[in-house]
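Below, each chain spelled out in residue letters.
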Amino acid sequence: MSTPTNRAKRASVPESALLLDPYLDSIIEPADHRAIEDHTPQPDRFAQLDRRGFLRASALAGGGLMVTYWMPVREARANAESDVNPSAARENSFEPNAYVRITPDGYISLFATAPEIGQGVKTSLPMILAEELDADWNRVRVEQAPIDPQVYGRQSAGGSRTLASSWTALRKAGASARALLIEAAAQRWQVPSSECTTEPCVVVHPPTGLRLDYGALTDAAARIDLAKLAEPTLKDPKDFRILGTRVTGVDNRALVTGQPLFGIDQTLPGLLHAAYVKCPARGGRVAKANLDEVRALPGVRNAFSLTGTGMPTEVMPGVAIVADSTWAVLRAREALRIEWDESSAAKDSFSKASEQARGLGPRGAETLRETGEVDATFEGAPKTVEGFYSYPFVAHAPLEPQNCTAWFKQGAIELWAPTQTPDRALPVIAKVLDIPQDRVTVHQTRAGGGFGRRLINDPMCEAALISQRVGAPIKLLWTREDDTAHDFYRVGGFHRLRGALNAEGKLVAWQDHFISFSHDGKSPVSGGNISETEFPALLVENFHLSQSLLPLATPCGPWRAPRSNAIAFVVQCFMDELACEAGRDQVEFWLELLGEPRWLESGNPYALHTGRAAAVIRLAAEKSGWGEKLAPRHGRGLAFHFSHAGHFAEVAEVHVDESKRISVTRVTVAGDIGPVINPSGAENQCEGAVIDGLSTMLGLALELEDGRISPLNFDRYRLLRMPQTPRVDVHFVKSDFAPSGVGEPALPPLAPAVCNAIFAATGERVRSLPLVGAGFRTRA
């Protein structure tokens, strides 16, 4: 690899593949992307709307606005649902907006617009609606909304922003529906609506004791013009009946009884099964293949090569096999012989990149931020600390491998897929097939894990193209090896750090040379960037952050808590090094650095708030028993990280025996995410983040040599097993700040907390992940 300059040398990969990062950036609108990663404030899109404006923009889906009114909503949704559920659009139902339907029998359908990938939004979003509607949760039916950006706006799941982006709009949607029901009852009783109130699913007139069930008011409520009513009042949080309570997931019964919720479960009449085989080095093309031999095998319907679009996010060159069964496809795949043209394929080597990174000095080719007198402070400091940190490429490894069912017929395509971005799939599929976008229909299924991988819809594009070619319904199913070999990886990286302490043990200077990768020689790969305001940039007077970019052709993408999942490990472990060198208690060292409560970026509600940070650090310390004496070779470690608008501190407790077998016995999580919508779901996400983070840091790493990834399956890429999972205690700060997500910000502090605990237990400092690389082993 070449010596890095201000702009990395362009990686050897087809020009079209270099469009990967702009595509990923477009998945989250640029302004929202900054809010997620750089914490730039986003305006409350509903704060300035008048009454009629709210009617025209009455539905928000993960950040997007829906422009509609009552009848168009009903007709559009009825049309979208007609092929899936002909009885869905019921007569005489009350549909005040795109989220709510109440039928005369008193049952309420609430529509969840965002994909459910295990993060719980199919439950939590309807809870917000139900609260302001004053619904009886036992009479609520939650349905997955049809994918229709014209009705729902943006429908996607990523960045832990769904709840935060939807909070105001969903509350107003529920409150508006409730106001219409109250007005309908008041007109029937001929009393002022101001004298009426509600109980769950009932309108009540306290002076007379009159009561009417919501179901009895559907017809009358549907004829009232909301624009003529006063602005509906949102509930005071102290009056919440549903929000803040434990509500089980709406799909839980279906999940434990094996109902067909996932993409992999889908079936259709006459369904064929397909595989798509691509070059193990990205960018390789099919030179020749024994297609005639494969076509002659039992059960095989067809085998053919595709040139694809040349875009990693769409369809790369490969060979498709279509057969009567999955077994026939797999047998045919074993017999397939492909000679690849790898003249334009990736030749990346992470081992060579690691060697080059270790040879670079303390300052990078490009300065991202410099404040104060860094060099002079280091020269005069009584104590300095240096460290070189590294972390590997890792895979997303969702338990449900990539899949999609597609049926191309009569010039139109219908797809069933566990995608995180169904709305984004519509124009991409239309482009790949060269058909109008209104001829593309996507049905959202539940996803068996996503973690950012399913933000990219390449399996959908492949399935669509194969179905168009064979003219029949097909289910494309990737093997585990496909899923790993053709992932969009969490990129590896390196940091060369220096810190300076004054005589009182206070942090007075910080220097970080960040070494990452670039596809185009201009910008870091997706997930491989760092913000100039990354902690502790705004808290240390003398600060220098620089970067060097090495060339890379292998595609990378968002991985749970993009960039934070690795940066937190580096920064928080180095903070622990500094505290130990200063002879200070870590909690004390942290709180001194944070100082007085304040937003680090004035007027930015998505920036780090030092008071919130201090509160979660204190809470984690208190609940974990920080400072209490432990047995020999036991240790506690503390870490804090702010990302995705969430403030989280975690304390890990570990035991390491003489042979370096490690057992993480307990993890205490403390978070501030604003109001907790569903404690059951929020705790579940924190527990999952701890397990996911622990699994990754203990033993997961991909080798990248000659453009090829290994290992490819779970026999060597070993996820954490159930007996290895620790006790996880989750605590939330009671907070009046705006709500934020939890699935991503709870993950980053885990790795540094465990590494700091290892140092406390053994005196051995961990600066490279995974732990197995340093000789640690996990207990069975």
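## A short note on the packing of aromatic side chains
In total, this model carries twelve aromatic pairs according to the counting rule given. Judged by centre distance (6.3 Å) and plane angle (45 degrees), the ring pair of F350 and F517 falls under tilted. Highlighted residues: F350 in helix α12 (residues 350–358) and F517 in strand β22 (residues 507–518), separated in sequence by 167 residues. Under the relative-accessibility criterion, F517 is labelled buried at 1%.

## Considerations on the pairing of strand β26 (residues 661–672)
Judged by how many residues are buried, β26 sits mostly within the fold: nine of twelve residues are covered. Pairing of strand β25 (residues 646–656) with β26 involves ten bridges; the strand directions are antiparallel. The residue of β26 that forms the bridge with E650 is V669. Connecting the antiparallel pair β25 and β26 is a turn made up of four residues, with K660 showing a positive phi of about 70 degrees. Sheet topology places β26 next to strand β30 (residues 777–778); two bridges connect them, and they run parallel. Bridged to R661 within β30 is R777.

## As for helix α18 (residues 586–594)
Those residues of α18 not exposed but buried are Q586, V587, F589, W590, L593 and L594. The buried residues of α18 all sit within an arc of 165 degrees when viewed along its axis, so they share a single face. Elements that come into contact with the buried residues of α18 comprise β21 (493–501), β22, α17 (564–582), α19 (610–624) and β24 (634–643). Among the residues of α18, the N-terminal cap falls to D585, whose side-chain oxygen and the backbone nitrogen of V587 are separated by 3.0 Å. Taken from the residues just after α18, G595 is the one with a positive phi, measuring 70 degrees.

## As for the confidence of the model for the protein
Counting all residues, the mean pLDDT for the protein is 90, and 88% of those residues have values of 70 or more. Within the model, the stretch residues 1–21 combines pLDDT values under 50 with 63 contacts to residues more than four positions away or in other chains. Note on residues 26–89: pLDDT is under 50 here. Beyond four places in sequence and across chains, it has 153 contacts.

## Thoughts on the pattern of salt bridges
Enumeration according to the criterion identifies 41 salt bridges in this entry. Here D292 ties to R295 by a salt bridge, and the two come within 2.7 Å at their closest N and O atoms. Taken together, the positions of D292 and R295, both in helix α10 (residues 291–295) and three residues apart, correspond to about one turn of that helix. For D483, the salt bridge is made with R480, and the minimal N-O distance between the two is 3.8 Å. Of this pair, D483 and R480 both sit in helix α16 (residues 480–485), three residues apart, roughly one helical turn. Just as D483 is buried, R480 falls in that class too. Each of E131, D134, K235 and R241 takes part in a single network of salt bridges with overlapping partners.

## So, empty space enclosed by the protein
To find leftover empty space, one rolls a probe the size of a water molecule over the atoms. Considering all chains together, one arrives at nine cavities of 30 Å³ or more under this definition. Taken as a whole, the second largest cavity encloses approximately 140 Å³ of empty space. If you list the elements that add at least two residues to the lining of the second largest cavity, you get α17 and α20 (679–699). Class assignment of the residues belonging to the lining of the second largest cavity gives a composition of 13 nonpolar, three polar and one charged.

## Overview of α12
Among the residues of α12, those classed as buried are F350, A353, S354, Q356 and A357. An end-on view of α12 places all buried positions within 165 degrees of arc, on one side of the element. Exposed and facing more than 90 degrees away from the buried side of α12 are K352 and E355.

## A word on the sheet that holds strand β6 (residues 140–144)
The strand order across the open sheet built from four strands is β3-β4-β5-β6, with neighbouring strands paired in mixed fashion. For this open sheet the edge positions go to β3 (94–97) and β6, each flanked by a neighbour on one side alone. Neighbour-to-neighbour, the strand axes of the sheet open up by a mean angle of 20 degrees, direction not taken into account. Relative to β6, strand β5 (residues 108–112) runs parallel, the two sharing five bridges. Paired with I108 across the strands is V140, a residue of β6. Helix α5 (residues 121–133) contacts β4 (100–102), β5 and β6 of the sheet and is inclined by roughly 135 degrees relative to β5.

The rules behind each value
Residues numbered from 1 in each chain as written. Predicted model: local features only at pLDDT ≥ 70, side-chain atom pairs only at ≥ 80, totals over all residues. Heavy atoms only, no water. Phe/Tyr/Trp six-rings, centres within 6.5 Å; stacked < 30°, edge-to-face > 60°. Helix = DSSP H or I, 4+ residues; strand = E, 2+ residues; numbered from the N terminus. Buried < 20%, exposed > 50% of the residue type's maximum accessible area, 1.4 Å probe, protein only. Pairing = 2+ DSSP bridges. Arc of directions from axis to C-beta. Contact = heavy atoms within 4.5 Å. Polar contact = N/O pair within 3.5 Å; in protein donor to acceptor, adjacent residues only side chain to side chain. pLDDT = per-residue confidence, 0-100. Salt bridge = Lys/Arg side-chain N within 4 Å of Asp/Glu carboxyl O. 1 Å grid on protein atoms, 1.4 Å probe; cavity = no way out; pocket = protein on both sides within 12 Å on 5 of 7 lines; lining within 4 Å. Points joined across faces, edges and corners; volume = space filled by probe spheres on them. Nonpolar A, V, L, I, M, F, W, Y, C, P; charged D, E, K, R; others polar. Axes fitted to C-alpha atoms, helices over the stretch in contact; angles between N-to-C directions.

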